[in-house]
Amino acid sequence: MRLKELREAHKKTQTDIANFLHIKQNTYSQYENEQRQVPILTLINLANFYGTSVDYILGLTEVEDPYPKN
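Described below are features of the structure shown in this document. (Residues numbered from 1 in each chain as written. Predicted model: local features only at pLDDT ≥ 70, side-chain atom pairs only at ≥ 80, totals over all residues. Heavy atoms only, no water.)

## Observations regarding the packing of helix α2 (residues 14-21) against helix α3 (residues 25-32)
For the pair α2 and α3, the least separation of the axes is 8 Å and the interaxial angle reads 105 degrees. It follows that α2 is roughly perpendicular to α3 by the angle criterion. Residue-level inspection shows Q14, T15, I17, A18 and L21 of α2 in contact with α3, the latter providing Q25, Y28, S29 and E32. Grouping the amino acids of the contact of α2 with α3 by side-chain chemistry returns four nonpolar, four polar and one charged. (Axes fitted to C-alpha atoms, helices over the stretch in contact; angles between N-to-C directions. Helix = DSSP H or I, 4+ residues; strand = E, 2+ residues; numbered from the N terminus. Parallel < 35°, antiparallel > 145°, perpendicular 65-115°, else oblique. Contact = heavy atoms within 4.5 Å. Nonpolar A, V, L, I, M, F, W, Y, C, P; charged D, E, K, R; others polar.)

See the structure below:
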């Protein structure tokens, strides 16, 4: 997954993202380290937050922006 890459690119801390998701920082850390599966609704919220697709977060596509601006 690309959670850490996206978070760092947006200059956010794990605590920032955990607060956005209303979860504990250590839970978010487990998502980043792939020690815990990310619930689908959380994936959707993260994709919306970062302006990308769930597929990109999961590494299923290399296209970060599903709606490129012309």
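## Digging into the pattern of salt bridges
Throughout the structure, instances matching the rule amount to two salt bridges. Here R7 ties to E32 by a salt bridge, and the two come within 2.4 Å at their closest N and O atoms. One end of the pair, R7, is in helix α1 (residues 3-9); the other, E32, is in helix α3, and 25 residues separate them in sequence. Owing to a relative accessible area of 9%, R7 belongs among the buried residues under this scheme. (Salt bridge = Lys/Arg side-chain N within 4 Å of Asp/Glu carboxyl O. Buried < 20%, exposed > 50% of the residue type's maximum accessible area, 1.4 Å probe, protein only.)

## Examining the nonpolar core
Grouped together as the largest cluster of nonpolar side chains are 15 residues, with contacts concentrated most on L3, I17, Y28, L46, Y50 and I57. Elements that contribute at least two residues to this core include exactly α1, α2, α3, α4 (40-50) and α5 (54-57). The dominant element in this core, judged by the number of residues it contributes, is α4, at four residues. Sequence-distant contacts of Y28, that is, excluding residues within four places in its chain, are made with L3, R7, Q14, I17, A18, L21, I23 and Y50. (Core = buried A, V, L, I, M, F, W, Y, C linked by side-chain atoms within 4.5 Å.)

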